[in-house]
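Listed here are the chains, written in short residue letters.
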Amino acid sequence: MESTPSDKPAEETPVESVDDEKERENAPKKPYLNYSCYIHKVLKSVHPRTNITIEAMVIMNSFVNEIFERIASEASKLAAENKKTIINMRDIQTAVRLLLPGELSRHAGYAGTKAVDKCFSSGKRKRV
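Rules used in this analysis
- Per-chain numbering applies: the sequence of each chain, read as written, is numbered from 1 onward.
- The predicted nature of this model means local features are confined to residues of pLDDT at least 70 and side-chain atom pairs, given and counted, to a pLDDT of 80 or more, with totals for whole chains, interfaces and linings taken over all residues.
- Computation of side-chain values: all heavy atoms of the structure, hydrogens and water removed.
- Definition used in this section: a nonpolar core is a set of buried Ala, Val, Leu, Ile, Met, Phe, Trp, Tyr and Cys residues joined via side-chain atoms within 4.5 Å.
- For every residue, the accessible area (1.4 Å probe, protein chains only) is compared with the maximum for its type, and the residue is labelled buried under 20%, exposed over 50%, or partly exposed between those bounds.
- For helices the rule is a DSSP run of H or I covering at least 4 residues; for strands it is a run of E covering at least 2, with both sets numbered from the N terminus onward.
- Contact criterion: two residues are considered in contact whenever any of their non-hydrogen atoms come within 4.5 Å of each other.
- Axis definition: a line fit to C-alpha positions, over the contact stretch in the case of helices; interaxial angles, taken between N-to-C directions, run 0 to 180 degrees.
- In what follows, roughly perpendicular refers to angles from 65 to 115 degrees, roughly parallel to angles under 35, roughly antiparallel to angles over 145, and oblique to any angle outside these ranges.
- Gly is put with the polar residues, along with every residue not named as nonpolar or charged; the nonpolar set is Ala, Val, Leu, Ile, Met, Phe, Trp, Tyr, Cys and Pro, and the charged set is Asp, Glu, Lys and Arg.
- In this scheme the handedness of a crossing depends on how the near helix is turned from the far one: anticlockwise by less than a right angle means left-handed, clockwise means right-handed.

### Here's the deal with the nonpolar core
Item 1. Grouped together as the largest cluster of nonpolar side chains are 6 residues: I71, A75, L78, A95, V96 and L100.
Item 2. Counting residues per element, the ones that place at least two in this core are α3 (54-81) and α4 (89-99).
Item 3. The leading source of residues in this core is α3, at 3 residues.
Item 4. Beyond its immediate sequence surroundings of up to four residues, A75 is in contact with I87, D91, I92 and A95.

Rendered as structure tokens:
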């Protein structure tokens, strides 16, 4: 005899308890990083007479946050694969090469290395 949908017991859908809702409310929120002032500075250095709308700035900020998360995640995986607990410059460079295509990855790697060298050559910071 074939079973019909009415013969089967109805599956209960999980109901969230009040405790789960309270835990979500009390959970620390992920900080939202805002790069709009930096994006604006770069835009003005490249195209001084060009402006950007608020909507475009929100999109650019989301893009930068997304790329940051992807690079950090990939670098973390690389560090874990090498049985290290600290992400170093080489992990970041490798993550950038894996995530960004062709010429963009080479340019980003060069700019990143240049920025790190400039930071440490000023004498304010020491390499660990």
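Picking up after the structure, the text goes on.
### Observations regarding the packing of helix α2 (residues 36-46) against α3
A pair of packed helices can be characterised by two numbers: the angle between their axes and the separation between those axes.
Item 1. Two elements in contact, α2 and α3, have axes separated by 10 Å at closest approach and are oriented at 105°. By the angle class used here, α2 and α3 are roughly perpendicular. Every residue of α3 that contacts α2 at S36, I39 and H40 is listed here: M57, M60, N61 and V64.
Item 2. When the residues that make up the contact of α2 with α3 are grouped by side-chain class, the tally is 4 nonpolar, 3 polar and no charged.

### Notes on the packing of α4 against helix α5 (residues 102-121)
Item 1. As a packed pair, α4 and α5 sit with axes 9 Å apart at the nearest point and diverge in direction by 160°. Considering the angle they form, α4 stands roughly antiparallel to α5. Once α4 is placed against α5, the crossing between them reads as right-handed. Taken together, the residues of α5 that come into contact with α4 (itself represented by M89, Q93, V96 and R97) are S105, A108, G109, T113 and V116.
Item 2. Each residue belonging to the contact of α4 with α5 can be placed in one class, and the counts come to 4 nonpolar, 4 polar and 1 charged.

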